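# Chains, contacts and geometry: an overview
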Amino acid sequence: MAKKKSTTKKKTGGKQTAFQKRAQEIRATTRKKAKAKLAPPPAEPISPDELAKPAALPRGKQRQAKATAKKSRIKQASIESQIHGHVAARGRRKQAKRDSKG
């Protein structure tokens, strides 16, 4: 029978030299600097007074923003078809009311 080869690396004994320690420290600091560059800048805190103020948008833009937000909520909840059916039913009722006045 043949012996299996060992795949583990041999451990080198002994203490680290000053040069090796310094090299390890430099590698660690460069990794930290690289991570710091990738991170977004810290956000500035917003005071409660500023949060309480209404948005400085004209009425038309506010209405448009509310409608867009509502549409996105409807889309996320997957109730778009229910709303289409509701709108279609309202149209049928109005048409029937016009026809009955005849």
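This one's a predicted model, so the numbers in the text were calculated from it and none came from an experiment.

### Overview of a positive patch on the surface
A contiguous patch of positive charge, built from R90, R92, R93, K94, K97, R98 and K101, is present on the exposed surface. Structurally, K101 can be placed in helix 4 (residues 80-101).

### Things to note about helix 3 (residues 59-77)
Its 19 residues place the ends of helix 3 27 Å apart at the C-alpha level, agreeing with the 27 Å of an ideal helix rising 1.5 Å per residue. Count one or two residues on from helix 3 and you reach S78, which has phi positive near 60°.

### Quick notes on the pattern of salt bridges
Counting across every chain of the model gives 1 salt bridge. Among the salt bridges present, the one from E25 reaches R22, with a minimum N-O distance of 3.6 Å. Residue E25 and its partner R22 are both found in helix 1 (residues 18-38); the two are separated by 3 residues, about one turn of the helix. Overall, the relative accessible area of 49% leaves R22 in the partly exposed class.

### Quick notes on the confidence of the model for the protein chain
Predicted confidence across the protein chain gives a mean pLDDT of 80, with 84% of residues reaching 70 or more. Of all secondary-structure elements in the protein chain, the lowest mean pLDDT belongs to helix 2 (residues 48-52), at 77, while helix 4 reaches the highest, 88.

About the criteria used
- Residues numbered from 1 in each chain as written.
- Predicted model: local features only at pLDDT ≥ 70, side-chain atom pairs only at ≥ 80, totals over all residues.
- Heavy atoms only, no water.
- Patch = residues over 30% accessible without salt bridge, like charges linked within 9 Å, V, L, I, M, F, W, Y side chains within 5 Å.
- Areas by Shrake-Rupley, 256 points an atom, 1.4 Å probe, with all protein chains shown as cover.
- Salt bridge = Lys/Arg side-chain N within 4 Å of Asp/Glu carboxyl O.
- Lys, Arg positive; Asp, Glu negative; His and termini not counted.
- Charge placed at Lys NZ, Arg CZ, Asp CG, Glu CD.
- Helix = DSSP H or I, 4+ residues; strand = E, 2+ residues; numbered from the N terminus.
- Expected span 1.5 Å × (residues − 1).
- Buried < 20%, exposed > 50% of the residue type's maximum accessible area, 1.4 Å probe, protein only.
- pLDDT = per-residue confidence, 0-100.

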